[in-house]
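Single-letter residue listing:
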Amino acid sequence: MNALWIDEQLETSARVQNSMKIEREDHKLEKRLCREVGRAIVDFNMIEEGDKVMVCVSGGKDSYAMLDILLKLQKRAPINFELVAVNLDQKQPGFPEHVLPEYLARLGVPYHIENQDTYSIVTRVIPEGKTLCSLCSRLRRGILYRVAGELGCTKIALGHHRDDMLQTFFLNMFFAAKLKGMPPKLVSDDGKNIVIRPMAYVTEKDLTRWAEVQDFPIIPCTLCGSQENLQRKQVGNMLRDWQKQYPGRIENMFSALQNIVPSHLMDSKRHDFKGIRTTGVADPEGDKAFDAEEFTEVVPPGRAVIGISPRTSS
C-alpha cells in the first residue's frame with residue numbers, strides 16, 4: 001500500500017462526499033421552492049379546483065422555475081387543475097425559436113407558442129436610447145390576455161418573485177410617489193382575467209441556484225437586457241447592498257408589505273383622520289405621541305440585532 005494509492009483513495013472519498021453534500025443541498029432547495037410556492041397558492045387562494053392555468057414562459061430562469069415547480073405540485077395537490085405553458089415569440093432578431101417548443105415537448109406539458117412581431121413595433125415607435133420596457137410590456141400583456149381567453153384559461157401565472165415585488169414597491173415610492181407594490185393576485189386591467197404570482201415568497205437567489213441545478217435552456221432577452229441603466233436594476237442593486245450590510249432587512253421589508261397600518265400613514269382615503277374621536281379605551285396599537293420610538297430590527301436567528309434609536313430634541 002503506497003502513498004500514491006492512499007492519496008487517490010482519499011481524493012475519491014472526498015469527491016463522493018462532496019457529491020452527496022451537493023445532492024442533499026439540491027434536494028433541500030427543491031423542497032423549499034415547492035413549500036414556498038405551495039404556501040403562496042394557499043395563502044392567496046391562487047389555484048382552485050378545475051382551474052386551467054396559463055403559465056407564461058419567457059425563456060428566463062424565473063418562468064422556467066415556475067413551470068417546473070407547478071408541475072411538481074400538480075402531481076401531489078389535493079385538487080385537480082390543468083397547466084398550459086404559453087410563450088409569446090416577439091420576433092426579436094436572433095431569437096432561438098426552436099428552444100422552447102423542444103423543451104416543452106420533452107416535458108410533455110401542453111403548450112402554445114404565440115407569434116406576434118411586437119419587436120418591430122417597439123423599435124419603430126420608441127426613440128433610440130429610450131427604455132423599451134413600458135410599451136413592450138403593454139403589447140405583451142394585451143396579447144397574453146387574448147390568448148388566455150382563446151385557450152379557456154381561468155388563471156394567468158407570472159414568474160415574478162419576492163425580489164421583483166420589493167423592487168416594484170420602491171420604484172413606485174421613489175418615482176411614482178405611491179405606496180404601491182406588485183400583488184400576488186389581481187384582476188387584470190381588462191377585467192376578464194385573474195393574474196397570479198405563485199413565486200411571491202421565493203427569493204431570486206434560490207431561483208438562480210435552481211436554474212443551475214436543472215440546467216434550464218435560458219434564452220436571454222436581448223431587446224431590453226442591453227439597457228443596463230434601468231431604474232429597476234438600480235433599485236435591485238440598492239436592495240442587495242442593504243441585505244449585504246444588514247442581513248435580514250429584505251425579509252423585514254417583505255413582511256412589512258403584509259403588515260400595513262393605515263392609521264399610521266397619511267392617506268385620508270384609507271383612514272378617516274377627520275372623523276377621529278377619543279374612545280376612552282386603551283389601545284396597545286395607539287400612537288405614543290410623546291415617546292421617542294425605538295426600533296429593534298427583526299432578523300433571522302443567529303444574526304446580530306441592530307437597535308435603532310432616533311435622536312430626540314429637548
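An account of the accompanying structure is given in this report. (Residues numbered from 1 in each chain as written. Predicted model: local features only at pLDDT ≥ 70, side-chain atom pairs only at ≥ 80, totals over all residues. Heavy atoms only, no water.)

1. Some remarks on the overall build of the chain
For step 1, the next point in the chain: In terms of regular secondary structure, the chain is built from nine helices and eight strands.
For step 2, the next point in the chain: For the chain, restricting intrachain contacts to residue pairs at least 6 apart in sequence, the fraction spanning at least 24 positions comes to 73%.
For step 3, the next point in the chain: As displayed, the chain offers around 20,100 Å² of accessible surface, 54% of which is attributable to carbon and sulfur atoms. (Helix = DSSP H or I, 4+ residues; strand = E, 2+ residues; numbered from the N terminus. Contact = heavy atoms within 4.5 Å. Areas by Shrake-Rupley, 256 points an atom, 1.4 Å probe, with all protein chains shown as cover.)

2. So, a nonpolar patch on the surface
For step 1, the next point in the chain: Together, Met173, Phe174, Phe175, Leu179, Ile260 and Leu265 make up an exposed nonpolar region whose accessible area comes to about 590 Å².
For step 2, the next point in the chain: Along the polypeptide, leucine 265 turns up in the loop between α9 (249-256) and β7 (295-296). (Patch = residues over 30% accessible without salt bridge, like charges linked within 9 Å, V, L, I, M, F, W, Y side chains within 5 Å. Salt bridge = Lys/Arg side-chain N within 4 Å of Asp/Glu carboxyl O.)

3. Some points on helix α6 (residues 162-175)
For step 1, the next point in the chain: Helix length check: α6 (14 residues) gives 20 Å between terminal C-alpha atoms against 20 Å at 1.5 Å per residue, within 8%.
For step 2, the next point in the chain: Judged by how many residues are buried, α6 sits mostly within the fold: eleven of 14 residues are covered.
For step 3, the next point in the chain: Restricting attention to buried positions, one finds in α6 the residues Arg162, Asp163, Asp164, Met165, Leu166, Gln167, Thr168, Phe169, Phe170, Leu171 and Asn172.
For step 4, the next point in the chain: Structurally, α6 contributes buried residues whose contacts are with α2 (61-76), α7 (204-214), α8 (231-245) and α9.
For step 5, the next point in the chain: Taken from the residues just after α6, alanine 177 is the one with a positive phi, measuring 55°. (Expected span 1.5 Å × (residues − 1). Buried < 20%, exposed > 50% of the residue type's maximum accessible area, 1.4 Å probe, protein only.)

4. Focus: the nonpolar core
For step 1, the next point in the chain: One finds Val37, Ile47, Val53, Val55, Tyr64, Leu67 and Leu70 to be the most contacted residues of the largest nonpolar core, which totals 49 residues.
For step 2, the next point in the chain: Residue contributions to this core peak at eight residues, all from α2.
For step 3, the next point in the chain: Setting aside residues no more than four positions away along its own chain, tyrosine 64 makes contact with Val57, Gly59, Val99, Leu100, Tyr103, Phe216, Pro217, Ile218 and Ile219.
For step 4, the next point in the chain: Counting residues in hydrophobic clusters, the runner-up holds 14 residues, among them Val86, Leu88, Ile143 and Val147. (Core = buried A, V, L, I, M, F, W, Y, C linked by side-chain atoms within 4.5 Å.)

5. Observations regarding the packing of helix α4 (residues 118-125) against helix α5 (residues 133-151)
For step 1, the next point in the chain: Where α4 contacts α5, the axes come no closer than 10 Å and their chain directions differ by 150°. As judged from the angle between their axes, α4 and α5 are roughly antiparallel. Our pair here, α4 against α5, has a crossing hand that is right-handed. In this structure, α4 contributes Thr118, Ile121, Val122 and Val125 to the contact, and α5 contributes Leu135, Cys136, Leu139 and Ile143. (Axes fitted to C-alpha atoms, helices over the stretch in contact; angles between N-to-C directions. Parallel < 35°, antiparallel > 145°, perpendicular 65-115°, else oblique. Left-handed = near helix turned anticlockwise from the far one by under 90°.)

6. A short note on the environment of tyrosine 145
For step 1, the next point in the chain: Locating tyrosine 145 in the fold gives a position in helix α5.
For step 2, the next point in the chain: The buried category is assigned to tyrosine 145, whose relative accessible area is 14%.
For step 3, the next point in the chain: Taking C-alpha positions, tyrosine 145 is 8.1 Å from aspartate 190, a pair spaced 45 residues apart along the chain.
For step 4, the next point in the chain: Those residues in contact with tyrosine 145, other than ones at most four positions away along the chain, are Ile156, Ser188, Asp189, Asp190, Asn193 and Val195.

7. Structural notes on the pairing of strand β1 (residues 52-56)
For step 1, the next point in the chain: The buried fraction of β1 amounts to four of the five residues, a majority that puts the element mostly inside the structure.
For step 2, the next point in the chain: With five bridges connecting them, β1 and strand β2 (residues 82-89) associate as parallel partners. Directly across from valine 53, in β2, lies its bridge partner leucine 83.
For step 3, the next point in the chain: Where β1 and strand β4 (residues 155-157) come together, three bridges link them in parallel fashion. The residue of β4 that forms the bridge with valine 55 is alanine 157. (Pairing = 2+ DSSP bridges.)

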